[in-house]
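As a plain string of letters, each chain reads:
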Amino acid sequence: MSAPKIIGAVILSIILFIALCFFSVAVTVKVTALNSSYVTSLVEDMPVSEILDEAGKQADSADSPQLDIIKGIIDNDEATIKERIIMLINDIYDYLNSKSDDIDIARILGDTVLDSDFMTSLVEGSDLKPLLEEFIADLIADKGLPSGSSLDEYIENIAADIEPWAKEQAGIVIPPAFDYVLGNSDTFSVSVSLDELKDALEENLKQSFLSSPPQKYQGLSQAELGQTFDALFEQYSGEIPPSYTFDEKLFTNQDGTSMAIDATELEQALRDCREGIGIFNIAFIALIILILLLIAGIILIYRDIRWSALNLGVVSFIFGAGLMVFYFTSLWMIRDFLAHQDIAFNSVIQDWLISISGKPLLPILIMSICFAATGIALLVTCFFYRRRQRLDELPVYCE
């Protein structure tokens with residue numbers, strides 16, 4: 001074989017090897033980051049309850065009531081919540097992958113995770129008493145409301161009494177609040193009457209006051225204690241307004257910016273991503289065509305099955321073996337990094353990340369096995385074809 005042909009075959013082989021490297025990266029991206037099934041599988045496999053359990057062990061006592069409510073919601077409706085998140089992911093990916101022509105982010109969010117009916121049902125099924133107990137204790141201390149020396153039991157009673165009222169008010173506030181957050185409404189203002197809260201406070205605090213009066217009132221009769229409580233409660237409860245108004249301030253950050261979703265900005269970002277993915281898909285197809293042309297070029301240079309199989313077999317086997325080394329090296333490095341990384345906020349997340357670290361690299365492992373096996377098959381073909389060719393060249397003796 002002439003030197004120019006050898007040089008040409010070597011150059012094409014090097015370009016083919018580089019193209020295969022880009023191809024492996026592109027395939028990995030397509031079956032992971034650009035694949036809604038892969039992303040939703042991560043959502044399905046995420047151990048949310050275990051993560052919250054671990055967070056509860058590490059949480060500050062001030063954050064415990066909020067965390068207990070979240071954990072209760074997850075324990076009751078984890079599958080439903082994940083289903084809503086998966087619906088959101090699938091709708092977004094359908095647009096990004098050009099399966100749908102347009103996207104309305106406000107509608108998609110309103111139909112999935114920010115559906116007011118769905119959120120109201122989550123609140124109705126949750127246990128709000130721990131959060132209400134904390135709120136009531138702070139309210140009593142802040143307003144200086146009269147109470148007995150043994151107050152904890154009565155705080156629990158107040159929380160139990162007003163929990164249905166709190167859930168009812170949440171059902172009133174959530175729909176207009178979500179409309180404002182989603183940009184369906186320019187304003188948000190809902191007033192909630194606090195009469196039921198004040199009635200529950202007065203009734204239970206009076207019982208507490210009468211059953212275990214403060215030390216300076218212990219010599220009074222029950223009638224005198226009742227009159228004293230009524231006067232004190234009327235004096236201090238006046239600071240509690242008859243109603244509370246939820247408005248845009250609820251969704252205003254400390255820097256004055258609004259937490260309302262800018263659908264226009266998000267939709268533009270998704271359009272840009274969609275265009276980028278379209279260019280990526282075109283480049284992916286062009287890369288496949290380039291690889292096929294390179295293979296055809298090598299075959300045309302040799303015009304011989306044995307040499308073509310040898311060349312392509314070597315390239316395929318080296319690429320597959322290198323890819324396999326890259327897979328195991330990357331997997332070890334990622335798991336070692338995660339194992340030694342101090343993910344202080346939650347060890348369960350750390351264990352979960354380690355357990356799924358091989359999933360994004362799985363396409364690389366599959367491709368490495370396929371290319372290595374293809375290389376071995378081509379090399380075996382070259383060997384047997386060469387042996388057969390030698391046998392065909394042996395002289396045949398006839399008597």
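Everything below is about the structure printed above this text.
Residues numbered from 1 in each chain as written. Predicted model: local features only at pLDDT ≥ 70, side-chain atom pairs only at ≥ 80, totals over all residues. Heavy atoms only, no water.

Draft legend 1. Fine view of a negative patch on the surface. On the surface, Asp161, Glu168, Asp195, Glu196, Asp199, Glu202 and Glu203 cluster together into a negatively charged patch. Broken down by secondary-structure element, the contributors of at least two residues to the negative patch are helix 8 (152–181) and helix 9 (195–211). The biggest single contributor to the negative patch is helix 9, with five residues. Tracing the chain through its elements places aspartate 161 in helix 8. Look at aspartate 161 and you get partly exposed, because its relative accessible area is 39%. (Patch = residues over 30% accessible without salt bridge, like charges linked within 9 Å, V, L, I, M, F, W, Y side chains within 5 Å. Areas by Shrake-Rupley, 256 points an atom, 1.4 Å probe, with all protein chains shown as cover. Salt bridge = Lys/Arg side-chain N within 4 Å of Asp/Glu carboxyl O. Lys, Arg positive; Asp, Glu negative; His and termini not counted. Charge placed at Lys NZ, Arg CZ, Asp CG, Glu CD. Helix = DSSP H or I, 4+ residues; strand = E, 2+ residues; numbered from the N terminus. Buried < 20%, exposed > 50% of the residue type's maximum accessible area, 1.4 Å probe, protein only.)

Draft legend 2. Just the pairing of strand 1 (residues 189–193), in detail. What you see with strand 1 is a clean split: Val190 and Val192 sit on the buried side and Ser189, Ser191 and Ser193 on the side with no burial. The pairing of strand 1 with strand 2 (residues 243–247) spans five bridges and is classified as antiparallel. Of the residues in strand 2, the one forming a bridge with serine 191 is threonine 245. (Pairing = 2+ DSSP bridges.)

Draft legend 3. Structural context of the nonpolar core. With 46 residues, the main nonpolar core has Ile136, Ile140, Ile162, Leu201 and Leu205 as its most contacted residues. When contributions to this core are tallied by element, the ones reaching two or more residues are helix 3 (48–58), helix 4 (64–96), helix 6 (116–124), helix 7 (129–143), helix 8, strand 1, helix 9 and helix 10 (222–236). Here the element with the most residues in this core is helix 8; it accounts for 13 residues. Once residues within four sequence positions are removed from consideration, isoleucine 136 is found in contact with Ile155, Ile158, Ala159, Ile162 and Leu201. Judged by nonpolar contacts, the second largest core, of 26 residues, contains Leu16, Leu287, Tyr327 and Ile364. (Core = buried A, V, L, I, M, F, W, Y, C linked by side-chain atoms within 4.5 Å. Contact = heavy atoms within 4.5 Å.)

Draft legend 4. Layout of the pattern of salt bridges. Under the defined criterion, the tally for this structure stands at eleven salt bridges. Between aspartate 230 and lysine 206 there is a salt bridge whose closest N-O contact spans 3.3 Å. Here aspartate 230 is found in helix 10, whereas its partner lysine 206 is found in helix 9, with 24 residues between them in sequence. Look at aspartate 230 and you get partly exposed, because its relative accessible area is 31%. Salt bridges sharing partners connect three or more residues here, namely Asp127, Lys129, Glu163 and Lys167.

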